[in-house]
Every structure is written in C-alpha cells, then in structure tokens.
Amino acid sequence: MSTAPCDPYRPVAHLRPPQNWINDPNGLVFHDGHYHVFYQYNPYGATHANVHWGHFRSPDLLSWEPLPIALSPAPGGVDADGCFSGNAVSDGDRLVLFYSANRGDRSLRHQPVTSATSRDGGRTFATRGDLLIPAWPESCTMYRDPYVWRDGDRWRMLVGAALVDGRGAALLYESPDLETWTLQGPFDARRQEPVGDTGLHTGEGWECPQYLPPQSGHPGALIFSAWNDHDGARCVAALIGEERGNVFDAAPPVLVDHGPDCYAPALLRAPDGRWLLWGWSGEGREESWAVSDGWAGVLTLPREISVGADGALRQQPAAELLALRGERTVHAEGVTSHGPEPVELGGVGRAFDLTARLDSTGAAGLRLLTTADGSEYLDIRLDPAAGELVLDRDHASPDGRAHGGSYRMPCPTGRPAELRLVVDHSIAEVFLVPTGQVLTLRFYPASDGPWRLQALSAPGARLAYAVDAWELLPLTVQEPSTAAAVPQGQSD
C-alpha cells in the first residue's frame, strides 16, 4: 500500500511504522540485494519504553517491506530491559546485528555489546544469549552503541563512551572473526569543546559513533551524537581527519545537522560505493500530544554523505528520491524589491520537494503560508549580514504545545544561495547545495487549508528568485503482517 495518512502530521515520504514510538536508526546495511533499515521501536505505545528493533527492507529506497521485529528483550536475559542501539554487517549469507544490551540491574549508562544472527535474509534472528563483550573498561562512566565494519581481512568496532577523566570517546576494538574482540584503546577522545560558534559542544559522552572512512584521497569522518546528562543540549558532530595507527587524527568538530530535530544518525554503504545516512527526527511537540496521536518519531530522508577534498562534510538527498517528484506545482522566476509586499509564487501541498536560487542584496527569503490569512507560516530567510540561512518556526503553529525557535546554518555571501527544501507534513529538511550543509526541524500547522509560497525581501533589498516545487509522492510500504507489528508474550 502507499503510506497516505489521514493524520495531518504524519509524513508520507519518510520511513516509520504505522504507529507507536521510534527513535534511532540501527543496523543499516545492504544485504542479499536489499537495503535493510532497523530502528528502535516500542510496539506497545508512543513513548520511549520497551525498546525492540523494528525492521524494513527495500530493493530501491522507494518501496519498503516491513519484516518481523528483529530483536525483542529476553525476559531475564542480558537485554531484559531493552535492545538498544547498534549496527549490522553482511558476512556472506549471514546478517549479523550488534547492539547494546540494556538491563535494569546494570547502570543505564553501561550497555555492553551483544549480537544476533540471521541466515534467512533478516526474517528471523538467533540471539547469542550472552554478552559478546561482557565487560567495559573501568575508565568508562558511559559505554554503549557498537558500530562494526570490515577493514581488509579484519573487523573493527567502535563503541561510544564517556571516560572518568571527563572526555567523550569512541573506543576501538578489533576482531579476526566477529567473535573475539580486542580493545585497542580510544580511536578518538576529547574533552568538551565548542562545535564552531553554535553554542553547542561535543558532550560528556559520545553516542552512536559512526565511521566514514577516507575515500579517493579525501579525509574520513568520525560522526557521533554528543550526549549530555546535565545541561540537556545535544547535537550531532563530525571529526574530519585521518587515521594514524589506531588513532583518528582530526580537526575541530563540525555540525552534521544544524537543526534541532536530527539525532543519532547511522551510515550505510550502498553497493555502488555511495555512503548513505539516516537520522532520527524526534517530535518537536509535547509528548502528550504525540501520545494522543499514537505515534512519535520519524527517520530523516536517506542522504548521500561524503567528505570533500577540502575537508568539508557534504550531504544531499539520495538520488533515488527524485523518483518521488510528482506534478510540478510551482515554477516562478522574477525580481522583487517591494520591501514588505510579498510576491505570490503558487500553491503547494503538505508534502513537496522544492529547489530555489535566491540572489539578494539584503534580508530576503521564502515563506510557506499554511493559513489563508497569513497568520501561520514557516520562514526560510537569508541573512547576508550574518552570512546565514535561517529556518524560523516561531509562527508555524498557534498551538503552545509545538516547539518554536529559529535555527541557522552558514550560507556563503557574495553569490546566489541555492537550496533544496523537502517538506513532508510535519518535517522540513533544507539542504544548501553549494556547501552540502543541512538543517532539519519539525513543525505542526494547525490549519487544514491550502498551503502556498511567497517570496519576500526587506525594504530596500532586491531579491532575484527562481523557484520550482513538485508534489512529493509517498513511499510505497507494504501492509505489515501481524508478526511484523507486535511480538508475542509481552504487554505494555
């Protein structure tokens, strides 16, 4: 079936199950002719509890088949209180999952590594029943989230950590056979440091470490989610650099996503050599609202990610997603210098894919109006004085349970800004084409009326614009079987 929801906030072109809570994408791997996407899943409700691994697979990133739940907590087992984050590898006919085993009689901060194996393409998994790495180093005050990859004739693993001396870290292990693992030490570890001038920092500990290896002479990237137990501020950062022995020699951190609603991204290497990334976009609204709607969380679009020869991290929507463009609903070019008087560009639906070229002498941008009277809107603004692109949701919903705020990412000045904006009901992802930067946020318009676009410029500013928008078609997702939806033998 096609995922066309009656819920006005449920995205149609972003992957998620029909109901309940999801968070981190896990186990992203190409195996047996399919892309496999696992994810943290609560089959019993729309809150973070009862953590299982849900599972989709696809031959093309466009049509998806829900498979049975891959991992369920084993009562009394090493993962009795949750099968938390990890990844997967394809090893011949085996699909092997590595994950964090959560159990209440251990510290929630310490989730040792275990594994599970499938030999039927991911339809069923046999868990090992014990811990793969039974103990963490004494120096760790937090330990979780394995990431495994093949490097020549060896296997390597990163595990996210916080160290007793105050550093966040990704610990490096090696194995000849996926069974016997030897700790090599910190792959990278550093005390909290600022991530650019964003006001964010690298955190008390590092969750969900991912490794994008050097390619074609370009540097590699160590991606991690900056976890903080005390101040609550979290972000996704990347360290760009090269390996020196078993240590990653990297430059200062950069943001992977400039928005408030992307966390815990995970990598997948496609069969054509591209690296793809999915992130978790949590809800930008109060939990009670999401619970009443019966679902929470969505995965971002799959993004092609790379590091340029200049050391810049770049992302763009996966090329396959161009096939989701339907009818073109907006085609507008022109120049405006009328100050506060907007230029009407045309109507769009609740899911659309837009490209824009904006050349401005001052503050200017696009406005997505979601009410006829213009009182409810999402702004995409250029701020040439600050050298930034701004996504502003302060007026995107009159409902006080929806989060507000404006978010910024650097935007080169002195040349036109080229961007791609994908809006899907309650999620917006904006990509700056020349730099490959991205900003993700959630918003919740209250109106059920038609949506339309405007171009605006500040008084005295001249804006030349070229804007095209297409209907965003839904992913094709098969109807889940009962086995894929709810495991047996447990209730909320």
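Residues numbered from 1 in each chain as written. Predicted model: local features only at pLDDT ≥ 70, side-chain atom pairs only at ≥ 80, totals over all residues. Heavy atoms only, no water.

## Observations regarding the sheet that holds strand E12 (residues 182-190)
Test applied: Strand pairing follows a simple DSSP-based rule, namely that at least 2 bridges must link the two strands. In this description a helix means any DSSP run of H or I spanning at least four residues, a strand means any run of E spanning at least two, and both kinds are numbered starting from the N terminus. With axes taken as lines fitted to C-alpha atoms, and helix axes fitted only over the stretch in contact, angles between N-to-C directions fall between 0 and 180 degrees.
Reading across from one edge, E9-E10-E11-E12 is the order of the four strands in this open sheet, with antiparallel pairing throughout. Here the strands that pair on one side only, and so sit at the sheet edges, are strand E9 (140-151) and E12. Ignoring which end each strand starts from, the neighbouring axes of this sheet average 25° apart. Here seven bridges tie strand E11 (residues 168-175) to E12, and the two strands are oriented antiparallel to one another. Residue pairing across strands places Leu-171 opposite Pro-186, the latter belonging to E12.

## Brief notes about unusual backbone geometry
As a reminder, the rule being used: Between buried and exposed lies partly exposed: a residue is buried under 20% and exposed over 50% of the maximum accessible area for its type, with that area taken using a 1.4 Å probe on protein chains only.
Despite not being glycine, Asn-50 shows a phi value in the positive range, around 50°. Looking at the secondary structure, you find Asn-50 in the loop between strand E2 (34-42) and strand E3 (52-58). Of note, the phi angle at Ala-264 is positive, near 50°, even though the residue is not glycine. Within the secondary structure, Ala-264 sits in strand E18 (residues 263-269). A residue is classified by how much of its surface remains accessible, and Ala-264, at 1% relative accessible area, is buried.

## Details of the pairing of E11
When you tally the buried positions in E11, you get eight out of eight residues, the bulk of the element. Here E11 shows two buried faces, one formed by Gly-168, Ala-170, Leu-172 and Glu-174 and the other by Ala-169, Leu-171, Tyr-173 and Ser-175. In this structure, strand E10 (residues 154-163) lies alongside E11, joined through eight bridges in antiparallel fashion. Pairing of Met-157 across the sheet is with Tyr-173, part of E11. Between the antiparallel neighbours E10 and E11 lie four residues, among them Gly-166 with a positive phi of about 95°. As consecutive antiparallel partners, E11 and E12 are separated by six residues, and within that stretch Leu-178 has a phi angle of approximately 70°, a positive value.

## Concerning the packing of aromatic side chains
Formally: Between 30 and 60 degrees the pair is tilted, below 30 it is stacked and above 60 it is edge-to-face, where a pair is any two Phe, Tyr or Trp rings, Trp via its six-membered ring, whose centres lie within 6.5 Å. Two conditions define a charge sitting above a ring: the NZ of Lys or the CZ of Arg must be within 6 Å of the ring centre, and it must be within 35 degrees of the ring normal.
Evaluation of the coordinates by the stated rule reveals 20 aromatic pairs. Centre to centre, the rings of Tyr-9 and Tyr-444 are 5.4 Å apart; their planes meet at 70°, and the pair counts as edge-to-face. Placement of Tyr-9 in the segment before strand E1 (20-31) and of Tyr-444 in the loop between strand E33 (437-442) and strand E34 (451-457) is noted, with a sequence separation of 435 residues between them. Accessibility assignment for this pair places Tyr-9 and Tyr-444 in one class, buried. On the basis of an interplanar angle of 90° and a centroid distance of 5.7 Å, the ring pair of Tyr-211 and Phe-248 is categorised as edge-to-face. One end of the pair, Tyr-211, is in strand E13 (residues 205-212); the other, Phe-248, is in strand E16 (residues 247-250), and 37 residues separate them in sequence. Cluster of aromatic residues (ring-pair linked, three or more members): Tyr-147, Trp-149, Phe-187, Tyr-211 and Phe-248. Residue placement shows Arg-285 over the ring face of Trp-295; its charged tip is 5.1 Å from the ring centre. Across the ring face of Tyr-377, the terminal group of Arg-367 is positioned such that the distance to the ring centre comes to 3.7 Å.

## Some points on the pattern of salt bridges
For clarity, the cut-off: Every case where a carboxyl oxygen of Asp or Glu lies within 4 Å of a side-chain nitrogen of Lys or Arg is listed as a salt bridge.
Tallied over the entire structure, the rule returns 38 salt bridges. Between Arg-274 and Glu-304 there is a salt bridge whose closest N-O contact spans 2.7 Å. One end of the pair, Arg-274, is in the loop between E18 and strand E19 (275-281); the other, Glu-304, is in strand E22 (residues 303-307), with 30 residues separating them in the sequence. Connected through salt bridges with shared partners, the residues Asp-151, Arg-154, Arg-156, Glu-174 and Glu-243 form a single ionic network.

## Some remarks on the pairing of E9
Burial runs high along E9: nine of the twelve residues are buried. As paired strands, E9 and E10 are joined by ten bridges and run antiparallel to one another. Its bridge partner being in E10, Tyr-143 is matched across the sheet by Ala-161. The antiparallel pairing of E9 with E10 creates a hairpin that spans two residues between the two strands, and Gly-152 there sits at a positive phi of about 65°.

## Digging into the environment of Trp-53
For Trp-53, the position within the fold is in strand E3. With a relative accessible area of 0%, Trp-53 lands in the buried category. For the pair Trp-53 and Pro-176, spaced 123 residues apart in the sequence, the C-alpha separation amounts to 27 Å.

## A word on the side chain of His-425
Stated precisely, the cut-off is as follows: For the purposes of these results, a polar contact is taken to be a pair of N or O atoms within 3.5 Å, where, inside protein, one atom must be able to donate a hydrogen and its partner to accept one; residues adjacent in sequence count only when each atom of the pair is a side-chain atom. Contacts are residue-level and defined by heavy atoms, with any inter-residue pair within 4.5 Å sufficient.
By the secondary structure assignment, His-425 is in the loop between strand E31 (417-424) and strand E32 (427-432). At a separation of 3.0 Å, a polar atom in the side chain of His-425 contacts the main-chain carbonyl oxygen of Pro-8. Sequence-distant contacts of His-425, that is, excluding residues within four places in its chain, are made with Asp-7, Pro-8, Tyr-9, Arg-10, Pro-11, Val-12, Arg-350, Ala-351, Phe-443, Pro-445 and Trp-451.

## Here we look at the layout of surface pockets
In plain terms, the rule: Buriedness for pockets is judged along seven lines, at least five of which must meet protein on both sides within 12 Å for an open set on the 1 Å grid over protein atoms alone, while cavities are sets there where a 1.4 Å probe fits but cannot get out, and lining residues have an atom within 4 Å of a point. Grid points are joined across faces, edges and corners, and a volume is the space filled by probe spheres set on the points.
The computed volume of the second largest pocket comes to approximately 450 Å³. Residue assignment for the lining of the second largest pocket shows that the elements contributing at least two residues are E1, strand E5 (83-91), E9 and E18. For the lining of the second largest pocket, the element with the highest residue contribution is E9, accounting for five residues.

## Notes on the environment of Glu-204
In this fold, Glu-204 is placed in the loop between E12 and E13. Taking the relative accessible area as the measure of exposure, Glu-204 reaches 14% and is therefore buried. Sequence separation between Glu-204 and Arg-234 is 30 residues, and the spatial gap between their C-alpha atoms is 9.9 Å.

## Some words on the confidence of the model for the protein chain
What counts is decided by this rule: pLDDT is a per-residue confidence score from the predictor, ranging from 0 to 100.
Averaged over every residue, the pLDDT of the protein chain is 94; residues scoring 70 or more account for 96%. Note on residues 488-492: pLDDT is under 50 here. Beyond four places in sequence and across chains, it has six contacts.

## A closer look at the side chain of Arg-420
As for its placement among the helices and strands, Arg-420 is situated in strand E31. On the basis of relative accessibility, which here comes to 12%, the residue Arg-420 falls in the buried class. At a separation of 2.7 Å, a polar atom in the side chain of Arg-420 contacts the side chain of Asp-353. Each residue touching Arg-420, except ones within four places of it in the same chain, is listed here: Pro-317, Leu-322, Arg-325, Asp-353, Leu-354, Thr-355, Glu-429, Val-430, Phe-431 and Val-433.

## Things to note about the sheet that holds strand E8 (residues 126-127)
Pairing is antiparallel in the open sheet, where four strands are placed in the order E5-E6-E7-E8. For this open sheet the edge positions go to E5 and E8, each flanked by a neighbour on one side alone. Direction of pairing for E5 relative to strand E6 (residues 94-101): antiparallel, over a ladder of seven bridges. Note that in E6 the partner of Val-89 across the bridge is Val-96.

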